[in-house]
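# Observations on chain architecture
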Amino acid sequence: MRHHIAPLIATALFAGLPLTAAQATGPVTVYETPPEIVSPPMARAYDWTGGSIGLRVGASFGENFWGERGLGLASTPGDWDGTPFGLSAGYDLQSGGLVYGAAIDYAGGELIAGSTGNAGFGCAGGTCETRVDNQLAIRGRVGVAMDRTLFYATAGLASGEVRGQAVVTNGSDRLTGWTAGLGVEHALSDNFSVNLEYLYTDLGRLELPNACATDCYTDVDYGTLRVGAQFRF
């Protein structure tokens, strides 16, 4: 009986031992960790929120004439000529694709329209000149941003020093009216943009009491196409 118990004990002991190197031979499967996939950074959308200061230069066009109420007479219309230039400062806010803000403009550079007298309406010296200078405007604007490009509409109050003269000054005043237009602005970098805009300005009526008693006047309105460059911050 002793001969039967010994093999059983040996079997039980060896069953609890770890495998030897010889017993562990055989194919071994190695699982490699896949490389981490890094997505390229997404381009940051341009943010139009912030302030700006800039320069403007443009060209004005349209017609101007002197009229007389009593007899319904008028001079032959003349074209506006001049290159207004100046400064602009503003602030914008962006919400989604909508951009809205306000700006104040100053423009120097005199605009001149010279209408000519005719058989019914005479101008001393042959030319009725209307001059506009020192223009100011306070405008709001609202637009739609397509990343770095902004399409916008703008409108607000406008003011300018207006003088009518035919050899001598026949009337002068600072007139206040309105201005409105459309534009597009493009950001070339985070802090620099350029724009192109068209503005129509109506400053109202200048009375010319020294031209023909109290019945003469000129209506002052014109269009301006201008370009600008802004530093944005």
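In this text the structure is predicted, and so the values were computed from the model without any measurement.

Rules and cut-offs
- Residues numbered from 1 in each chain as written.
- Predicted model: local features only at pLDDT ≥ 70, side-chain atom pairs only at ≥ 80, totals over all residues.
- Heavy atoms only, no water.
- Helix = DSSP H or I, 4+ residues; strand = E, 2+ residues; numbered from the N terminus.
- Buried < 20%, exposed > 50% of the residue type's maximum accessible area, 1.4 Å probe, protein only.
- Contact = heavy atoms within 4.5 Å.
- Areas by Shrake-Rupley, 256 points an atom, 1.4 Å probe, with all protein chains shown as cover.
- Pairing = 2+ DSSP bridges.
- Polar contact = N/O pair within 3.5 Å; in protein donor to acceptor, adjacent residues only side chain to side chain.
- Core = buried A, V, L, I, M, F, W, Y, C linked by side-chain atoms within 4.5 Å.
- Disulfide = S-S within 2.5 Å.
- Phe/Tyr/Trp six-rings, centres within 6.5 Å; stacked < 30°, edge-to-face > 60°.

Broken down by element type, the protein chain carries one helix and 13 strands. Going from N to C terminus, the protein chain has its helices and strands arranged as α-β-β-β-β-β-β-β-β-β-β-β-β-β. Counting over 233 residues, the protein chain shows a buried share of 34%. In the protein chain, once contacts between residues fewer than 6 apart in sequence are set aside, the share between residues at least 24 apart is 67%. Carbon and sulfur atoms make up 65% of the accessible area of the protein chain, which amounts to about 13,700 Å² in all.

A few words now on the pairing of strand β10 (residues 149–166). Taken residue by residue, a regular strand's side chains alternate between the two faces of the sheet. Relative to β10, strand β9 (residues 127–146) is paired through 16 bridges, and the arrangement is antiparallel. Opposite T130, over in β10, you have G164 as the bridge partner. The hairpin formed by β10 and strand β11 (residues 168–189) contains one residue between the paired strands, and V167 there has a positive phi angle of roughly 70°.

Here we come to the side chain of E68. When you line up the elements, E68 lands in strand β3 (residues 66–68). At a separation of 2.6 Å, a polar atom in the side chain of E68 contacts the main-chain amide nitrogen of L71. Those residues in contact with E68 that lie beyond four places of it in its chain are L73, F121, C212, D215, C216 and Y217.

Glancing now at the pairing of strand β8 (residues 111–116). With burial as the criterion, only one face of β8 is covered, namely that bearing L111, A113 and S115; the residues I112, G114 and T116 on the opposite face remain uncovered. The pairing of strand β5 (residues 78–81) with β8 spans two bridges and is classified as antiparallel. From the neighbouring strand, W80 faces β8, where its bridge partner is A113. In this sheet, β9 lies alongside β8 in antiparallel orientation, the contact comprising six bridges. Within β9, the position partnered with A113 by the bridge is T130.

Before going further, it helps to examine the nonpolar core. W80, V132, V162, L203, V220 and Y222 are the most contacted members of the largest nonpolar core, which has 18 residues in total. Residue assignment for this core shows that the elements contributing at least two residues are β8, β9, β10, β12 (192–207) and β13 (216–232).

All right, on to the environment of W80 then. Tracing the chain through its elements places W80 in strand β5. Judged by its relative accessible area of 5%, W80 falls in the buried class. With 142 residues separating them along the chain, W80 and Y222 place their C-alpha atoms 7.5 Å apart. Polar contacts involving the side chain of W80 include one to the main-chain carbonyl oxygen of D221, which spans 3.1 Å.

All right, on to the state of the cysteines then. Scanning the model with the defined rule gives one disulfide in all. The disulfide bridge from C123 ends at C128, spanning 1.4 Å between sulfur atoms. With the S-S dihedral at roughly -60°, the linkage between C123 and C128 falls on the left-handed side. Here C123 falls in the buried class, since its relative accessible area comes to 11%. For C128, a relative accessible area of 0% gives the class buried.

Evaluated as defined, the whole model comprises five aromatic pairs. Centroid distance F61 to Y198: 6.0 Å. Interplanar angle 25°. Geometry classified as stacked. Note that F61 is positioned in strand β1 (residues 50–61) and Y198 in strand β12, a separation of 137 residues in sequence. Take F61: its relative accessible area is 41%, and that puts it in the partly exposed class. Exposure remark for Y198: the relative accessible area of 33% places this residue in the partly exposed category. Plain terms: the ring middles of F231 and F233 are 6.1 Å apart, the flat faces sit at 25° to each other, and that makes the pair stacked.

Note that all results are geometric; they support no functional claim without further evidence.
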